[in-house]
Amino acid sequence: MANPIIKVVLSAVDEITGVTKKAGESVSSFSDKAKAALGSLAALGVGAALGAFFKSAIEEASAAEVGMGRLGTAVRNAGGNFDAPAAAGEHGRERDAAVDGDG
């Protein structure tokens, strides 16, 4: 017949093993869930940063367009032709191409 003290010790060890196994599984499950949540938060952060970047780029492009319009108005008010520099620039490119032998 087995010693009752040994039975109690073995029973306690079995119970503790079960509890520690469940605790380990819970920690592992929590870790997996935390990783998934952090991954989602990181994706949201990247999305927000990209959104802010594009918003800023659009605002700056809009401001540049307004500035070009004001510059054109100022040149025309001063008696100049705002489109003339573009035409001269095209002529200059044609001349350069002819000199380089590209055209």
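Everything that follows concerns the structure shown earlier in this document.
One structure accompanies this document, and this report is about it. Treat the numbers as computed from the prediction; the structure is a model and nothing was measured. (Residues numbered from 1 in each chain as written. Predicted model: local features only at pLDDT ≥ 70, side-chain atom pairs only at ≥ 80, totals over all residues. Heavy atoms only, no water.)

1. Notes on the overall build of the protein chain
Using the following cut-off: Numbered from the N terminus, helices here are DSSP runs of H or I no shorter than four residues, and strands are runs of E no shorter than two. Burial classification: accessible surface area is computed with a 1.4 Å probe over protein chains only, and a residue below 20% of its type maximum counts as buried, one above 50% as exposed, and the rest as partly exposed. Only the protein chains shown count as cover for residues, with accessible areas throughout obtained via the Shrake-Rupley method and a probe of 1.4 Å.
The helix and strand tally for the protein chain stands at two helices and zero strands. Counting the 103 residues in the protein chain, one finds 2% classified as buried. Here the protein chain displays about 8,600 Å² of accessible surface, and carbon together with sulfur accounts for 66% of that area.

2. Here's the deal with the packing of aromatic side chains
For any pair of aromatic rings, the description rests on two quantities: the centre-to-centre distance and the angle between the ring planes. Cut-off, in case you're wondering: Whether two aromatic rings pair depends on their centres lying within 6.5 Å, for rings of Phe, Tyr and Trp, where Trp uses its six-membered ring; planes under 30 degrees apart make the pair stacked, over 60 edge-to-face, and the rest tilted.
Inspection of the entire model under this criterion finds one aromatic pair. Centroid distance F53 to F54: 5.3 Å. Interplanar angle 65°. Geometry classified as edge-to-face. For F53, a relative accessible area of 54% corresponds to the exposed category. F54 gets classed as partly exposed once you look at its relative accessible area, which sits at 48%.

3. Quick look at the pattern of salt bridges
Where side chains of opposite charge bring their charged atoms close, a pairing between them can arise. Filter applied, for reference: For this document, the term salt bridge refers to a Lys or Arg side-chain nitrogen within 4 Å of an Asp or Glu carboxyl oxygen.
Scanning the model with the defined rule gives one salt bridge in all. A salt bridge links E59 to K55; its shortest N-O distance comes to 3.0 Å. Taken together, the positions of E59 and K55, both in helix α1 (residues 4-77) and four residues apart, correspond to about one turn of that helix.

4. Structural notes on a nonpolar patch on the surface
Quick reminder of the rule: Like-charged residues are merged into a patch within 9 Å and nonpolar side chains (Val, Leu, Ile, Met, Phe, Trp, Tyr) within 5 Å, provided each residue has over 30% relative accessible area and no salt bridge.
Together, V46, L50, F53 and F54 make up an exposed nonpolar region whose accessible area comes to about 420 Å². Its place among the elements puts V46 in helix α1.

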